[in-house]
Amino acid sequence: MTTPALLPLSGRRIPPLNLGPPSFPHHRATLRLSEKFILLLILSAFITLCFGAFFFLPDSSKHKRFDLGLEDVLIPHVDAGKGAKNPGVFLIHGPDEHRHREEEERLRNKIRADHEKALEEAKEKLRKSKEEIRAEIQTEKNKVVQEMKTKESKPLPPVPIPNLVGISGGEPEDSDIRKKREKIKEMMKHAWDNYRTYGWGHNELRPIARKGHSTNIFGSSQMGATIVDALDTLYIMGLHDEFLDGQRWIEDNLDFSVNSEVSVFEVNIRFIGGLLAAYYLSGEEVSKIFKIKAVQLAEKLLPAFNTPTGIPWAMVNLKSGVGRNWGWASAGSSILAEFGTLHMEFVHLSYLTGDLVYYKKVMHIRKLLQQMDRPNGLYPNYLNPRTGRWGQYHTSVGGLGDSFYEYLLKAWLMSDKTDHEARKMYDDAIEAIEKHLIKKSRGGLIFIGEWKNGHLEKKMGHLACFAGGMFALGADGSRKDKAGHYLELGAEIARTCHESYDRTALKLGPESFKFDGAVEAVAVRQAEKYYILRPEVIETYWYLWRFTHDPRYRQWGWEAALAIEKYCRVSGGFSGVKDVYSSTPTHDDVQQSFFLAETLKYLYLLFSGDDLLPLDHWVFNTEAHPLPVLHLANITLSGNPAVR
């Protein structure tokens, strides 16, 4: 009988052997078969034992690589150490510990070497990548710088200069008025000379400390704000040597490629407005640098308009172009008086460059405002540039709102009275203001309050005093033959603001004043009692003088000039005062740039003849920089249809 073949040891059971029926004659053969069978069973058991040891006996060295080399199988292993319990026992896979440690160390070294090599290769790739990135960035920087240089060196297109009437003269016939005019000129020279000596190149001056001064509206750089702001005043007063000093500084030092965050509004009205006025007044051939610098700065301001609505940010970094709003503004909003006081300067920029981008920016703002609902017909002071929604419902003709209304009127005047859209917006706004904000006090004083939190706050700011002049300026062309009404309203505002001056110890007006019960035209809070050389009251006196020639406006202006001379003049210039109700005031030690640009200019014009900067040829921006009327119907910009 043939023994059936053994199945492979794969876990399946061995089938039973069929030995057949017993046969005594074949006893020996049967015995041999039994012996073979027993030997086979022993051999199977032994093999099973070996494989069982192979798979189930514990490995004395965990985590070691298993080697199937035959030398590790069925090798007698003798533990020569003390206390060895089973010397000479055969082990399946009894590795040599020393040899395995060497193998493990070799592998570790190999892995470590491979890892270090890979790390070095990665570092090399990263280093090359960084160098490539730096090179690309530098290439882009060089490209931008080159483009800027090309743009700066590119000549601006020649444009017809408007008919510039009355850029000099104005000598009064009356000797007394002439002396007052000369006194104002002397005050200007005192302010300028001290700035020239102690603050040259800085934005403003500390006249008592006799050093430069700046605020966050100009950023961290020395941009010479006083120089730019004062240029046209120097020219109008005939201080031509001083004017040339300023012009040389601007040509050599005024740089807008600085890492500095500035107020878009303030830089526009002071710098762009000042440079444009200096350009127009002093002549195209003499002062091309002013036009070039104005355009360079305007390019730096354009990134501020990169918002979802096109309403510009309040602040912009001149180098990076990153914009943001004031932290104190309602719900991250832009301010009405700031984004609404760009039109005059930006229209002139488009006129001088032939580039419509500036004009389109301000017209987009106008179109957006026209589409929005206005509570009670009033424009709130806050507008979110991301959402296009109003912020807090706070309306004021003083701070936060003031010059927006001024620029609606002046857009119409500057267009030679052809911008009827702007005039309509102005008329609508003034009617709502008169209905909801303008009231008469118990003492008979007309004042402009502020709409806040659903009610009228009976408080008027010094900044709102400009409105007397605005009402007088807008009387001509007003609706329903109301010219006389608005001229009279302007006169009433002028009287109220004069009272705010007259009721102080220094005859200088406070920052804001109340109309509450027995208190009228007087500041109540200590924080509102200061005077920082502001121009708004004197501005209104000048406009009312031009339209009425009532001598009281010159008298009131002279009273203010004497008070400034007596209480604000110091050996190093002029300083604001902290309390106008104190006969011994404390100075704030700041000579504001607008003191030279506005306050002294309006005083000088108040004591000059009407032929100096006549109002039918010139429109003053909100920083008192005169810009000529543009007859836009006859002008094309870069081949585009006339701006209308």
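Placed above this text is the structure.
Let me sum up the structure you'll find in this document. Just so we're clear, the structure is a prediction, and the values are computed from it rather than from any experiment.

What counts, and at which threshold
- Residues numbered from 1 in each chain as written.
- Predicted model: local features only at pLDDT ≥ 70, side-chain atom pairs only at ≥ 80, totals over all residues.
- Heavy atoms only, no water.
- Phe/Tyr/Trp six-rings, centres within 6.5 Å; stacked < 30°, edge-to-face > 60°.
- Helix = DSSP H or I, 4+ residues; strand = E, 2+ residues; numbered from the N terminus.
- Lys NZ or Arg CZ within 6 Å of the ring centre and 35° of its normal.
- Salt bridge = Lys/Arg side-chain N within 4 Å of Asp/Glu carboxyl O.
- Buried < 20%, exposed > 50% of the residue type's maximum accessible area, 1.4 Å probe, protein only.
- Lys, Arg positive; Asp, Glu negative; His and termini not counted.
- Polar contact = N/O pair within 3.5 Å; in protein donor to acceptor, adjacent residues only side chain to side chain.
- Contact = heavy atoms within 4.5 Å.
- Axes fitted to C-alpha atoms, helices over the stretch in contact; angles between N-to-C directions.
- Nonpolar A, V, L, I, M, F, W, Y, C, P; charged D, E, K, R; others polar.

**Observations concerning the packing of aromatic side chains**
So, point 1. For the coordinates displayed, the defined rule picks out 25 aromatic pairs.
So, point 2. Ring centres of tryptophan 542 and phenylalanine 620 lie 5.2 Å apart, and the angle between their planes is 70°; this geometry places the pair in the edge-to-face category. One end of the pair, tryptophan 542, is in helix α15 (residues 536-548); the other, phenylalanine 620, is in strand β20 (residues 618-620), with 78 residues separating them in the sequence.
So, point 3. Here a set of aromatic residues connected by ring pairs shows up, and it is made of Trp542, Tyr543, Tyr602 and Phe620.
So, point 4. Above the face of the tryptophan 200 ring, arginine 196 is positioned so that its terminal group lies 4.0 Å from the ring centre.

**Side note on the pattern of salt bridges**
So, point 1. Under the criterion given, the structure shown has 34 salt bridges.
So, point 2. In this structure, glutamate 421 engages lysine 367 in a salt bridge whose closest nitrogen and oxygen atoms are separated by 2.7 Å. Linking glutamate 421 in helix α12 (residues 420-436) with lysine 367 in helix α10 (residues 357-371), this pair joins segments that are 54 residues apart in sequence.
So, point 3. Residue glutamate 421 is classed as partly exposed on the basis of its relative accessible area of 24%.
So, point 4. Aspartate 550 serves as the salt-bridge partner of arginine 552, at 3.2 Å between the closest nitrogen and oxygen.
So, point 5. Sharing partners across several salt bridges, the network here consists of Arg423, Lys424, Asp427, Asp428, Glu431 and Arg479.

**As for the side chain of aspartate 589**
So, point 1. Structurally, aspartate 589 can be placed in the loop between β19 (573-574) and α17 (593-606).
So, point 2. Put simply, aspartate 589 is tucked away with no salt bridge, and the nearest opposite charge, on arginine 206, sits 4.3 Å away.
So, point 3. At 2.6 Å, the side chain of aspartate 589 forms a polar contact with the backbone nitrogen of isoleucine 208.
So, point 4. Aside from chain neighbours lying at most four places away, what touches aspartate 589 is Leu205, Arg206, Pro207, Ile208, Ala209, Ser575 and Gly576.

**Considering helix α9 (residues 343-353)**
So, point 1. Across the eleven residues that make up α9, a large majority, eleven, are buried.
So, point 2. His343, Met344, Glu345, Phe346, Val347, His348, Leu349, Ser350, Tyr351, Leu352 and Thr353 are the residues of α9 that are buried.
So, point 3. At the C-terminal side of α9, glycine 354 shows a positive phi close to 75°.

**Describing the packing of α9 against helix α11 (residues 402-414)**
So, point 1. Direction vectors running N to C along α9 and α11 enclose 35°, while the axes themselves pass 9 Å from each other. Packed against α9, whose contacting residues are His343, Met344, Glu345, Val347 and His348, the element α11 presents Tyr407, Lys410, Ala411 and Met414 at the interface.
So, point 2. Taken together, the residues that form the contact of α9 with α11 break down as five nonpolar, two polar and two charged.

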